[in-house]
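Commentary on secondary and tertiary structure
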Amino acid sequence: MNDQASRSADWETLMRAANRGDSAAYARLLREIAPVIRGIVRARGARLGPEGCEDVVQEVLLAVHLKRHTWREEAPLRPWLYAVTRHKVVDAFRARGHRVELPVEDMAEVLAAPEGPDPLLARDMEKVIGRLEPRAAEIVRAIGLNGESAAETGARLDMTEGAVRVALHRALKTIARLRERMIE
Amino acid sequence: MRTDEFISALAADTTPGPRPERRLALGLAPALLAALAMLLVFWGPRADLAAALTGASLAKTLAPLAVAASALWLAAELCRPEAAPRRQRAALTGLGAVAAAVFGVALWQGGAAALATEMGRSSLWTCLRSVPALALVPLGAVVWALRAGAPARPVRAGAVAGLAAGGFGAAVYSLYCDQDALLFFLPAYAAGIGLVALAGAVLGARLLRW
């Protein structure tokens, strides 16, 4: 309990730092959150298979990212995180024709699960990125896969760093919208 | 793309997203002005507006405004996915209870015949068309604001947005409507607001998912 409490306190601090523009803190937070989300998804996601599960994990992370301003900074982070996870997991299951019971009260007990080594997971996300405009997909892949910074990508594509960031933001919003349409 | 790589992309996106409160602050006032303008152009104010606003029929404007404010308070809280808005829900339910009680007293005093007379007026249909029409732009503004949020139940959030917009629509409509009888305007305005809530629920199902 104490261990979880101190880890939770770290998460609030990290998210507050992230909301103030600290990318390193934000990346660390997302890397600590992902295994917890993966554990929750896998706990009910046997039908999805490992690829489907990783897809849902990435969808949850995208929702966490796009809706992070709905977290009130005085409140603990986990309830908010569990609520976001639950919402996206239920949607993802419904899109695949399954109903799932996912009470938030059970989420605290789930074991965190690290990412596996298989690079073929999360195929739906790959498909959606492929449907972006070429430049947008290029930016997402350059920053994600190749670990380029926005400045480096900008230099390579003859764009300003600011323009790259805006393009990245729009690309992520488009990805979320395309994933929504896949559900409909 | 591996999740670790996807996280790198997410972490590099420092552009802040839209906030519901900010959108509401930006959009609500213009939306209300638009509704008022619509009323002036297409309906025109009631002839005795000054007298009405300083008399008992001011309640016809204030009561829907109270509903709208209470619904907005609830809607703002519903933007958080883990929200458990007990106080906000209680306030809105309380307003409904007060309205029901007032209606009950008026019915007891006036009798069923009086209610039938009031509900038989043609102005009932004007009301049921006009309140939703006037609520349209405010509904757009509130739904636009809620799209920046993360409501756990989009249909419920849409219905609450509809209650807020309906309250504003009814309040604006009250500046034209000259039927001051409680037995008329309580059920008529409630029905008009209810229609907007229904429309909001339908919109919520499509537009408030995330």
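Residues numbered from 1 in each chain as written. Chains lettered and ligands numbered in written order. Predicted model: local features only at pLDDT ≥ 70, side-chain atom pairs only at ≥ 80, totals over all residues. Heavy atoms only, no water.

**Quick word on the overall build of chain B**
Our working rule: Only DSSP runs of H or I reaching four residues or more are called helices, and only runs of E reaching two or more are called strands; each is numbered from the N terminus. Contacts: residue pairs with any heavy atoms within 4.5 Å of one another. Accessible surface area values rest on a Shrake-Rupley calculation with a 1.4 Å probe, where residue burial reflects the displayed protein chains alone.
Each helix and strand counted, chain B has eight helices and zero strands in total. Its helices and strands taken in sequence order, chain B reads α-α-α-α-α-α-α-α from the N to the C terminus. Taking contacts inside chain B between residues at least 6 apart in sequence as the whole, the part at least 24 apart equals 85%. Carbon and sulfur atoms make up 70% of the accessible area of chain B, which amounts to about 9,500 Å² in all.

**Some remarks on the overall build of chain A**
Definition in use: For the radius of gyration, the atoms used are the C-alpha atoms, and the globule rule reads 2.2 Å times the number of residues raised to 0.38. Relative accessibility thresholds used throughout: buried, under 20% of the residue-type maximum; exposed, over 50%; partly exposed, between the two (1.4 Å probe, protein chains only).
Helices and strands together make up the secondary structure of chain A, namely eight helices and zero strands. The globule rule puts the C-alpha radius of gyration for 184 residues at 16 Å, and the 17 Å found for chain A is close to it. C-alpha atoms of chain A, sized along the principal axes, occupy 50 × 35 × 30 Å. Looking at chain A as a whole, 51% of its 184 residues are labelled buried.

**A few points about the environment of Ala152 of chain B**
Within the fold, Ala152 of chain B resides in the loop between α6 (123-146) and α7 (154-173). On a C-alpha basis, the gap between Ala152 of chain B and Glu82 of chain B in space is 7.1 Å, while along the polypeptide they are 70 residues apart. Not counting the four nearest positions on each side in its chain, Ala152 of chain B is found in contact with His87 of chain A together with Leu78 and Pro81 of chain B.

**So, a nonpolar patch on the surface**
Residue and element names in this part refer to chain B. As a reminder of what qualifies: Each patch is assembled from residues with relative accessible area greater than 30% and no salt bridge, linking like charges that lie within 9 Å and nonpolar side chains (Val, Leu, Ile, Met, Phe, Trp, Tyr) that lie within 5 Å. For salt bridges, the criterion is a side-chain nitrogen of Lys or Arg within 4 Å of an Asp or Glu carboxyl oxygen.
Nonpolar side chains collect at one region of the surface, where Leu40, Val41 and Phe42 lie side by side and expose about 370 Å² of accessible area between them. With respect to the helices and strands, Val41 occurs in helix α2 (residues 20-43). Its relative accessible area of 62% is what places Val41 among the exposed residues.

**Re the environment of Arg156 of chain A**
Residue and element names in this part refer to chain A. Going by this rule: As used in this structure description, the phrase polar contact means that two N or O atoms lie within 3.5 Å; if the pair is within protein, one of them must be able to donate a hydrogen and the other to accept it, and residues adjacent in sequence are counted only when both atoms belong to side chains.
With respect to the secondary-structure elements, Arg156 resides in helix α7 (residues 150-157). Contact partners of Arg156, with chain neighbours within four places excluded, come to Glu138, Ala142 and Glu148. Among the polar contacts made by the side chain of Arg156, one reaches the side chain of Glu148 at a distance of 2.9 Å.

**Notes on the interface of chain A and chain B**
What counts here: Summed over both partners, the accessible area lost on bringing two parts together, with a 1.4 Å probe, is the buried area.
Contact with chain A, which involves 49 residues of that partner, is made by 35 residues of chain B. Summed over both sides, the interface between chain A and chain B buries roughly 3,700 Å², with carbon and sulfur atoms accounting for 57% of that surface. On the surface where chain A and chain B come into contact, there are two salt bridges. A salt bridge links Arg31 of chain A to Asp4 of chain B, with the nearest nitrogen and oxygen atoms 2.7 Å apart.

**A look at the nonpolar core**
Selection rule: Only buried residues count toward a nonpolar core, which is a set of Ala, Val, Leu, Ile, Met, Phe, Trp, Tyr and Cys residues joined through side-chain atoms within 4.5 Å.
Core analysis: the biggest nonpolar cluster contains 68 residues, and Leu61 and Leu132 of chain A have the highest contact counts within it. At 11 residues, the largest contribution of residues to this core is made by helix α2 (residues 23-44) of chain A. Ignoring anything within four residues of it in the chain, the contact list for Leu61 of chain A reads Leu30, Ile33, Ala34 and Ile37 of chain A together with Thr3, Ile7 and Leu10 of chain B.

**Considering the packing of aromatic side chains**
Residue and element names in this part refer to chain B. Rules: For Phe, Tyr and Trp, where Trp contributes only its six-membered ring, two rings pair if their centres lie within 6.5 Å, and the inter-plane angle classes them as stacked under 30 degrees, edge-to-face over 60, or tilted in between.
Applying the stated criterion to the full structure yields four aromatic pairs over all chains. Measuring from ring centre to ring centre gives 6.5 Å for Phe42 and Trp43, while their planes differ by 90 degrees; the resulting arrangement is edge-to-face. Among the residues examined, Phe42 registers a relative accessible area of 63% and is labelled exposed. On the basis of an interplanar angle of 50 degrees and a centroid distance of 5.6 Å, the ring pair of Tyr173 and Tyr176 is categorised as tilted. Here Tyr173 falls in the buried class, since its relative accessible area comes to 2%.

**Thoughts on the confidence of the model for chain B**
All names here are of chain B. Selection criterion: A residue's pLDDT is simply how confident the predictor is in it, with values from 0 to 100.
Taken over all residues, the pLDDT of chain B has a mean of 95, while the share at 70 or more is 100%. Summarising per-element confidence for chain B, the mean pLDDT is lowest in helix α3 (residues 49-54) (84) and highest in α7 (98). Predicted complex, confidence summary: ipTM 0.90, pTM 0.91.

**Topic: the packing of helix α6 (residues 134-144) of chain A against helix α1 (residues 3-12) of chain B**
The criterion, for reference: To get an axis, fit a line to the C-alpha atoms, keeping to the stretch in contact for a helix; angles then go from 0 to 180 degrees between the N-to-C directions. For classification purposes, angles smaller than 35 degrees are called roughly parallel, those larger than 145 roughly antiparallel, those between 65 and 115 roughly perpendicular, and all remaining angles oblique. For this classification, Asp, Glu, Lys and Arg are treated as charged, while Ala, Val, Leu, Ile, Met, Phe, Trp, Tyr, Cys and Pro are nonpolar and the rest, including Gly, are polar.
Running from N to C, α6 of chain A and α1 of chain B point in directions that differ by 110 degrees, and their axes come no closer than 7 Å. Of the possible angle classes, the one that applies to α6 of chain A and α1 of chain B is roughly perpendicular. Contact residues: α6 of chain A offers Val140, Ile143 and Gly144 of chain A, while α1 of chain B offers Glu5, Ser8, Ala9 and Ala12 of chain B. When its residues are assigned to classes, the contact of α6 of chain A with α1 of chain B shows four nonpolar, two polar and one charged.

**Structural notes on the state of the cysteines**
All names here are of chain B. Condition: Cysteine sulfur atoms are paired as a disulfide whenever they fall within 2.5 Å.
In the structure shown here, the tally under the stated rule is zero disulfides over all chains. Summary of cysteine pairing: Cys127 is not part of a disulfide, and the nearest cysteine sulfur, belonging to Cys177, is at 6.3 Å. Judged by its relative accessible area of 0%, Cys127 is buried.

**A closer look at the pattern of salt bridges**
Where charged atoms from two side chains of opposite charge come close, those side chains can pair. All names here are of chain A. Under the definition given, this model contains 23 salt bridges over all chains. For Glu59, the salt bridge goes to Lys88, with nearest N and O atoms at 3.8 Å. Here Glu59, found in helix α3 (residues 49-66), pairs with Lys88, found in helix α4 (residues 77-95); they are 29 residues apart in sequence, far enough to count as distant. One exposure class covers both Glu59 and Lys88, and it is buried. Residue Glu59 is joined to Arg179 by a salt bridge in which the shortest nitrogen-to-oxygen separation is 2.9 Å. Highlighted residues: Glu59 in helix α3 and Arg179 in helix α8 (residues 161-183), separated in sequence by 120 residues. Residues Glu59 and Arg179 agree in their burial class; the two are buried.

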